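Take a look at the letters that make up each chain.
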Amino acid sequence: MTPGTLVLLHGPLDTVAAWGQLPETLRSYGLVVVAPDVRGEDGMRYVARAALIIAASAPKAPLVLVGHGAAGPLLPSIAAAQRAAHRSVGAYVFVDAQLPMVLRAPQTPDHGHGHQRVQEVPVPEDWPDAPCGYLHLSTAYDQEARQARLRGWPVTSPEQADLPQALHQLIITL
């Protein structure tokens, strides 16, 4: 696919600096790249703040949402905010990221504490609504890469130095 805008989303405990030179390198390929710096927010506050920053950049659709680490589970909610603003999402890419999980019931028993923990950010049951891919960079995310393969998503394991090229190629295949 050919993205209108590539949106790079760092994990909630990181800053945009976590992407290093990736945004500039992707721009050198002729891609339009937005890399919001969403500091000190998590859950739905991260989603709302990211959505505001994305909107302020006046992105061209379709968007490709790229999440790193803990930003992965937030991508469906960020996409919902974009669709509400009449911007289409053409693809999702997870870069050593946790995956969204549709939870239909509480996942943690209450263990006598009188409450059950549920997922903080809801994921629509019809997600994903666009193609997904996974860039697997470290063994810490082996389980997520395996889950992505089981879902039938393309999974690429590039060398760190080849990350920009691998990301670009993965997006083209989606």
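Coordinates for the structure precede this section.
Residues numbered from 1 in each chain as written. Predicted model: local features only at pLDDT ≥ 70, side-chain atom pairs only at ≥ 80, totals over all residues. Heavy atoms only, no water.

This next bit is on helix H3 (residues 75-84). Taken together, the buried positions of H3 are Leu75, Pro76, Ser77, Ile78, Ala79 and Gln82. Buried residues along H3 sit in contact with strand E1 (5-9), helix H2 (43-56), strand E3 (63-69) and strand E4 (89-97). Positive backbone phi, approximately 65 degrees, marks histidine 86, located one or two places after H3. (Buried < 20%, exposed > 50% of the residue type's maximum accessible area, 1.4 Å probe, protein only. Helix = DSSP H or I, 4+ residues; strand = E, 2+ residues; numbered from the N terminus. Contact = heavy atoms within 4.5 Å.)

Strands sit in the order E2-E1-E3-E4-E5-E6 across an open sheet of six strands; the sheet is parallel. Sheet topology places strand E2 (33-34) and strand E6 (155-156) at the edges, where each strand pairs with a single neighbour. Relative to E4, E3 runs parallel, the two being bridged by seven bridges. In the strand pairing of E4, glycine 67 is matched with phenylalanine 94. Strand contacts of H3: E1, E3 and E4, with the helix running at about 155 degrees to E4, the strand carrying the most contacts. (Pairing = 2+ DSSP bridges. Axes fitted to C-alpha atoms, helices over the stretch in contact; angles between N-to-C directions.)

Moving on to helix H4 (residues 142-150). The complete set of buried residues in H4 reads Glu144, Ala145 and Ala148. Here the buried residues of H4 occupy an arc of 100 degrees about the axis, which is enough to place them on one side. Just past H4, the residue glycine 152 takes up positive phi, approximately 85 degrees. (Arc of directions from axis to C-beta.)

Turning to the pattern of salt bridges, a few remarks are in order. Within the structure shown, the criterion is met by three salt bridges. With a closest N to O distance of 2.6 Å, glutamate 24 and arginine 27 form a salt bridge. With glutamate 24 and arginine 27 both in helix H1 (residues 22-28) and three residues apart, this pair spans about one turn of that helix. Among the residues examined, arginine 27 registers a relative accessible area of 33% and is labelled partly exposed. The shortest N-O distance in the salt bridge between aspartate 37 and arginine 39 comes to 2.7 Å. For arginine 39, a relative accessible area of 54% corresponds to the exposed category. (Salt bridge = Lys/Arg side-chain N within 4 Å of Asp/Glu carboxyl O.)

What follows covers the packing of H2 against H3. Where H2 meets H3, the axes come as close as 9 Å, and the angle between the chain directions of the two elements is 40 degrees. One finds that H2 runs oblique with respect to H3. For the crossing formed where H2 meets H3, the hand is right-handed. Contacts between H2 and H3 involve Met44, Tyr46, Val47, Ala50, Ala51 and Ile54 from the former and Ser77, Ile78, Ala81 and Gln82 from the latter. Residue classes in the contact of H2 with H3 are distributed as eight nonpolar, two polar and no charged. (Parallel < 35°, antiparallel > 145°, perpendicular 65-115°, else oblique. Left-handed = near helix turned anticlockwise from the far one by under 90°. Nonpolar A, V, L, I, M, F, W, Y, C, P; charged D, E, K, R; others polar.)

Attention now moves to the nonpolar core. Grouped together as the largest cluster of nonpolar side chains are 27 residues, with contacts concentrated most on Leu9, Tyr46, Leu65, Ile78, Tyr92 and Phe94. Going through the elements one at a time, E1, H2, E3, H3, E4, strand E5 (132-135) and H4 are the ones with two or more residues in this core. With near-sequence residues (within four places) excluded, tyrosine 46 lies in contact with Leu9, His10, Gly11, Pro12, Val38, Glu41, Ala71, Leu74 and Ile78. Counting 19 residues, the second largest nonpolar core, distinct from the first, contains Leu6, Val33, Ala166 and Leu170. (Core = buried A, V, L, I, M, F, W, Y, C linked by side-chain atoms within 4.5 Å.)

In this structure, glycine 133 sits in strand E5. Along the sequence, glycine 133 and leucine 174 sit 41 residues apart, while their C-alpha atoms lie 7.3 Å from each other. If we ignore the near neighbours within four places in the chain, the residues touching glycine 133 are Tyr92, Val93, Phe94, Trp153, Pro154, Leu170 and Leu174.

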